[in-house]
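Residues per chain, in single letters:
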Amino acid sequence: MDSYKTGIFSEFFACAFLILHGFRILHQRYTTGRNTGRAEIDIIAKRGKLIIFVEVKKRKDVMTAWGAITPAQQRRLRLAAETYLLQRRWTGDARFDVIIVHGRHIDWTKNAF
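Everything in this summary refers to the structure shown in the same document. (Residues numbered from 1 in each chain as written. Predicted model: local features only at pLDDT ≥ 70, side-chain atom pairs only at ≥ 80, totals over all residues. Heavy atoms only, no water.)

### Some remarks on the pairing of strand β4 (residues 93-102)
Working step 1: Judged by how many residues are buried, β4 sits mostly within the fold: 7 of 10 residues are covered.
Working step 2: The antiparallel pairing of β4 with strand β5 (residues 105-109) creates a hairpin that spans 2 residues between the two strands, and Gly103 there sits at a positive phi of about 65 degrees. (Buried < 20%, exposed > 50% of the residue type's maximum accessible area, 1.4 Å probe, protein only. Helix = DSSP H or I, 4+ residues; strand = E, 2+ residues; numbered from the N terminus. Pairing = 2+ DSSP bridges.)

In C-alpha cells, the structure reads:
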C-alpha cells in the first residue's frame, strides 16, 4: 500500500475511533484555501461545545510520529484552526489532538500542542 492510501486508511481508522468516543466528524482534510501557507487539518470533530482539530500520523512507532510534527507545521495548523473558528464564529472550547496510528493501535494525545 502506498503512503497516500496508508494515510487515508489511518484517517478513516482515527475517525471511527473518534465516533466511538462520541464525536461527530465535521470535516476531513480541511484546508483554508490554496496558496495561503496554511496547513491541511486532517480531522475536525465536535462533541457538545468542544471542537477538536486532529493531526493523524501513521508511523512504525510513537516517537517517530511525534518527530514528524514540526514547530512550523504546528504554527500552520493553528492558523488554519483560527481561521476555521473565526469563519464560524465559534464560542465553545477548542483544542488540538494528535492521533498516532502504529500497527493496529491508536495513541490519542489530547491538548497535544
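### As for the packing of aromatic side chains
Aromatic ring pairs are described here by two measures, namely the spacing of the ring centres and the angle between the planes.
Working step 1: Counted according to the given criterion, the structure contains 7 aromatic pairs.
Working step 2: Aromatic side chains Phe9 and Phe13 sit 6.1 Å apart centroid to centroid with 15 degrees between the ring planes, which places their arrangement in the stacked category. Taken together, the residues Phe9 and Phe13, both in helix α1 (residues 3-20) and 4 residues apart, mark about one turn of the helix.
Working step 3: Seen in terms of ring centroids, Phe23 and Trp108 are 6.2 Å apart; in terms of plane orientation they differ by 75 degrees. Their pairing is edge-to-face. One end of the pair, Phe23, is in the loop between α1 and β1 (24-30); the other, Trp108, is in strand β5, and 85 residues separate them in sequence. Summarising the burial analysis for this pair, Phe23 and Trp108 share the class buried.
Working step 4: The positively charged end of Lys110 is found above the aromatic ring belonging to Trp108, 4.5 Å away from the centroid. (Phe/Tyr/Trp six-rings, centres within 6.5 Å; stacked < 30°, edge-to-face > 60°. Lys NZ or Arg CZ within 6 Å of the ring centre and 35° of its normal.)

### A look at the sheet that holds β5
Working step 1: Strand order in this open sheet of 5 strands is β1-β2-β3-β4-β5, and the pairing throughout is mixed. In the strand order of this sheet, the two ends are held by β1 and β5, each with one partner. Ignoring strand direction, the axes of neighbouring strands in this sheet form an average angle of 25 degrees.
Working step 2: Pairing geometry for strand β3 (residues 50-58) and β4, over 9 bridges, is parallel. Residue Lys57 lies in a different strand from β4, and its bridge partner there is Ile100.
Working step 3: Sheet strands in contact with α1 are β1, β2 (41-47), β3, β4 and β5, and its direction is about 160 degrees off that of β1.
Working step 4: Sheet strands touched by helix α3 (residues 71-88): β1, β2, β3 and β4. Its angle to β3, the strand with the most contacts, is close to 150 degrees. (Axes fitted to C-alpha atoms, helices over the stretch in contact; angles between N-to-C directions. Contact = heavy atoms within 4.5 Å.)

### Brief notes about α3
Working step 1: Between its first and last C-alpha, α3 extends 26 Å over 18 residues, near the 26 Å set by a 1.5 Å rise per residue.
Working step 2: Residues of α3 that are buried include every one of Gln73, Gln74, Leu77, Ala80, Ala81, Thr83, Tyr84 and Leu85, and no others.
Working step 3: The secondary structure elements touched by the buried residues of α3 are β1, β2, β3 and β4.
Working step 4: Looking one or two residues beyond α3, the residue adopting positive phi is Arg89, at roughly 50 degrees. (Expected span 1.5 Å × (residues − 1).)

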